[in-house]
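# Observations on the model geometry
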Amino acid sequence: MRLAAVPQNLAESLALAAGIVPTPLLDTFVALLLAKTIIAAASLGIFHALESEPLTIEQIAKRCNTAPKPTAKLVLALVACKYLRRRGRCFFMAPVARRWLSPASPHSLHWAVLHRQLDLRFMDFEEYVRHDKFRDFHSALTSDDWALYHRGQADHARQIVDEIAARAPVPRGATDLLDLGGGHGLYALAFCRRYPRLHARVLDLRVADGREHEPVPLDDARQRVRFERQDIRRASLPPASADVIVLANVVHHFASPVNRDLLRRSGVALRPGGIIVLVDMFRSSSIERADQLEGLLDLYFGAVSGVGLWSLKEVRAWMVAAGLAPLPPASMRRIPFWKMQIARKET
């Protein structure tokens, strides 16, 4: 947003508050300020500093290696936004922050919040709309960016991986899983922990070893997951080599011909009775039924990958063309806008 959108004087501020000026002006500015405030607090370690005990402004600044006066402004902003609370001279996390923003929480979205720093670098919507030029998100990431990207994606995945592994109809006796584009490895790990006979290969442009995303010791499941650096658009998928193939949050980055070919090759790689587990966000078939998040994500993925969200109808058509039988789609209980579309290779 341009600085001109900021209220310039008391009269303009009162007009905005009274609704005399169109409210989107104020709404967008507040949303931008709030997002940047939370990202800054996570990046500077404010929530981490408050994990064990309440602290004064001076103590927070010392632990975070920040200047006391601006630290006070950031902390008070977080209090005003209900993420922190105050008791005397000390501050502590409100329940919402302790659950979602504390790095120590099992539900933490700490790295997902920092992931937004990457997103903001690529949100050049004006250039995209004006010239149909997009920033190729993945090819522009540095090694450090990839590490943050995997951590952020792992935070997202952690909210739904156990549900996906529990609800997917894995064929009896399954031994081999392919996780295509799941570089952090949490989907493969969730399936391997649920099915002791399962071994998994994780293929992505850059891969982690899965260890940095969970504070637990190396276990048997981790030893059954292998990470390989490959471009899934061109990777060799040997015929009848897998019982389960996972495609999580991948197809919104690829054009229709690429996705159609990816589903075709995946179908060939499946053994009879095997399944493809495709997890993604989908757009509605009609504009009238689209919700806010769907529209915004479709624009965002267009700007960073040149494509966007696909409809369930389109995805199911690719599956049928690949000789697979789609099952009814399922919404994730914790995050309903994420859906799981499964297709089975008939025996």
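The numbering scheme is per chain: residues are counted from 1 as the chain's sequence reads. Only residues with pLDDT of 70 or above have their local features reported here, since the model is predicted, and side-chain atom pairs are shown and tallied only from 80 upward, although totals for entire chains, interfaces and linings are computed over all residues. Note that the side-chain values use all heavy atoms of the structure and ignore hydrogens as well as water.

Comment: elements are numbered from the N terminus, with helices defined as DSSP H or I runs of at least four residues and strands as E runs of at least two. Locating H138 in the fold gives a position in the loop between helix 8 (125–131) and helix 9 (143–158). Within the structure, the side chain of H138 is placed 2.9 Å from the side chain of Y149, a separation counted as a polar contact. Within 3.5 Å is the distance limit for a polar contact, defined as a pair of N or O atoms, with the added protein rule that one can donate a hydrogen and the other accept it, and that residues adjacent in sequence qualify only through two side-chain atoms.

On to the packing of helix 7 (residues 110–121) against helix 9. For helices, the fitted line uses only the C-alpha atoms of the stretch in contact; every axis is such a line through C-alpha atoms, and the angle between N-to-C directions lies from 0 to 180 degrees. Contact geometry of helix 7 with helix 9 gives a least axis separation of 7 Å together with a crossing angle of 130°. Classified by the interaxial angle, the pair formed by helix 7 and helix 9 is oblique. Handedness of the helix 7/helix 9 crossing: left-handed. Here helix 7 contributes H110, W111, A112, L114, H115, R116, Q117, L118 and R121 to the contact with helix 9, which in turn contributes D145, L148, Y149, R151, G152, Q153, D155 and H156. Classification convention: Asp, Glu, Lys, Arg as charged; Ala, Val, Leu, Ile, Met, Phe, Trp, Tyr, Cys, Pro as nonpolar; all other residues, Gly among them, as polar. Looking at the contact of helix 7 with helix 9, its residues break down into 6 nonpolar, 6 polar and 5 charged. Between 65 and 115 degrees an angle is taken as roughly perpendicular, under 35 as roughly parallel, over 145 as roughly antiparallel, and anywhere else as oblique. Crossing chirality is assigned from the near helix's rotation relative to the far helix, an anticlockwise turn below a right angle marking it left-handed and a clockwise turn marking it right-handed. Residue contacts are defined here by distance: any two heavy atoms, one from each residue, within 4.5 Å place the two residues in contact.

Right, let's get into the nonpolar core. What makes a nonpolar core is a set of buried Ala, Val, Leu, Ile, Met, Phe, Trp, Tyr and Cys residues whose side-chain atoms join them at distances within 4.5 Å. Throughout, exposure labels follow a simple rule: accessible area from a 1.4 Å probe, protein chains only, divided by the maximum for the residue type, with under 20% read as buried, over 50% as exposed, and the rest as partly exposed. Membership of the largest hydrophobic core comes to 70 residues, with the highest contact counts inside it found for I46, F47, I164, F191 and V277. With 7 residues, helix 11 (residues 186–194) is the largest single contributor of residues to this core. Sequence-distant contacts of F47, defined by excluding residues within four places in its chain, comprise I38, A41, A42, L78, L84, M93, A97, L101 and P103. By size, the runner-up hydrophobic cluster in this structure holds 26 residues, among which are I245, V250, A322 and A343.

Detailed reading of the predicted coordinates is not advisable wherever pLDDT falls low. pLDDT expresses, on a scale from 0 to 100, how confident the predictor is about each individual residue. Taken over all residues, the pLDDT of the protein has a mean of 88, while the share at 70 or more is 90%. Segment residues 1–18: pLDDT under 50, and 16 contacts once partners within four positions in sequence are set aside and those in other chains are kept.

The subject of this paragraph is the packing of aromatic side chains. Under the pairing criterion, centres of Phe, Tyr and Trp rings, with the six-membered ring standing for Trp, must be within 6.5 Å; the plane angle then separates stacked pairs below 30 degrees from edge-to-face pairs above 60, leaving the rest tilted. As enumerated under the stated definition, the model contains 4 aromatic pairs in all. Taking the centre distance of 5.9 Å and the plane angle of 20° together, the rings of F337 and W338 count as stacked. In this structure F337 comes out as partly exposed when scored by relative accessible area, which is 37%. Given a relative accessible area of 6%, W338 falls into the buried group.

A separate point is the environment of R233. By the element assignment, R233 lies in the loop between strand 5 (225–229) and strand 6 (242–248). Along the backbone, R233 and G181 are 52 residues apart, and their C-alpha atoms lie at a distance of 9.6 Å. Once residues lying within four places of it in the same chain are set aside, the contact partners of R233 are F254, V258, D261 and R265. A polar contact of 2.9 Å, which involves the side chain of R233, links it to the side chain of D231.

Take the pairing of strand 7 (residues 270–281) next. Every other side chain in a regular strand lies on the same face of the sheet, so the side chains alternate between the two faces. For strand 7, the tally of buried residues reaches 10 of 12 residues, placing the bulk of the element in the interior. Any two strands between which DSSP finds at least two bridges are classified as paired. Summarising the sheet, strand 6 and strand 7 pair through 6 bridges and their orientation is parallel. Residue pairing for strand 7: I245 is matched across the bridge by I276. Here the term right-handed applies to a crossover when the path leading from its first strand over the helix to its second strand runs clockwise, the strands being oriented away from the viewer. At this point the chain moves from strand 6, through helix 13 (residues 256–269), to the parallel strand 7, and the crossover so formed is right-handed. Across 7 bridges, the pairing between strand 7 and strand 10 (residues 338–344) is antiparallel. Following the sheet pairing, I276 is matched in strand 10 by A343.

A few words on the environment of V113. Here V113 lies in helix 7. We classify V113 as buried; its relative accessible area is 14%. Sequence separation of V113 and L101 is 12 residues, and the distance between their C-alpha atoms is 8.2 Å. Leaving out residues up to four positions away in the same chain, V113 has contacts with I38, I39, A42 and L101.

This part takes up helix 9. Between the first and last C-alpha of helix 9 there are 22 Å, a value that for 16 residues agrees with the 22 Å anticipated at 1.5 Å per step. All of the buried residues along helix 9 are D145, W146, L148, Y149, H150, G152, Q153, A154, D155, H156 and A157. At its buried positions, helix 9 is contacted by helix 7, helix 10 (161–167), helix 11, strand 4 (199–204) and strand 10. Expected helix span is computed as 1.5 Å times (number of residues minus one).

Buried residues dominate strand 10, accounting for 5 of its 7 residues. Bridge analysis of strand 8 (residues 325–326) against strand 10 gives 2 bridges, and the strand direction is antiparallel. Looking at the pairing, A325 lines up with R344 of strand 10. Where strand 9 (residues 330–331) lies against strand 10, 2 bridges are found, and the strand directions are antiparallel. Paired with S331 across the strands is K339, a residue of strand 10. The antiparallel hairpin formed by strand 9 and strand 10 contains 6 residues in its connecting segment.

Pairs can form between side chains of opposite charge once their charged atoms are near each other. Think of a salt bridge as a Lys or Arg side-chain nitrogen and an Asp or Glu carboxyl oxygen that are within 4 Å of each other. For the coordinates displayed, the defined rule picks out 17 salt bridges. Of the charged contacts in the structure, one is a salt bridge between E53 and R63, with a shortest N-O distance of 2.5 Å. Here E53, found in the loop between helix 3 (46–49) and helix 4 (57–64), pairs with R63, found in helix 4; they are 10 residues apart in sequence, far enough to count as distant. With relative accessibility at 36%, the residue E53 sits in the partly exposed group. D261 serves as the salt-bridge partner of R265, at 3.0 Å between the closest nitrogen and oxygen. Placement of both R265 and D261 in helix 13 is noted, with a separation of 4 residues, approximately one turn of the helix. Taking the relative accessible area as the measure of exposure, R265 reaches 13% and is therefore buried.

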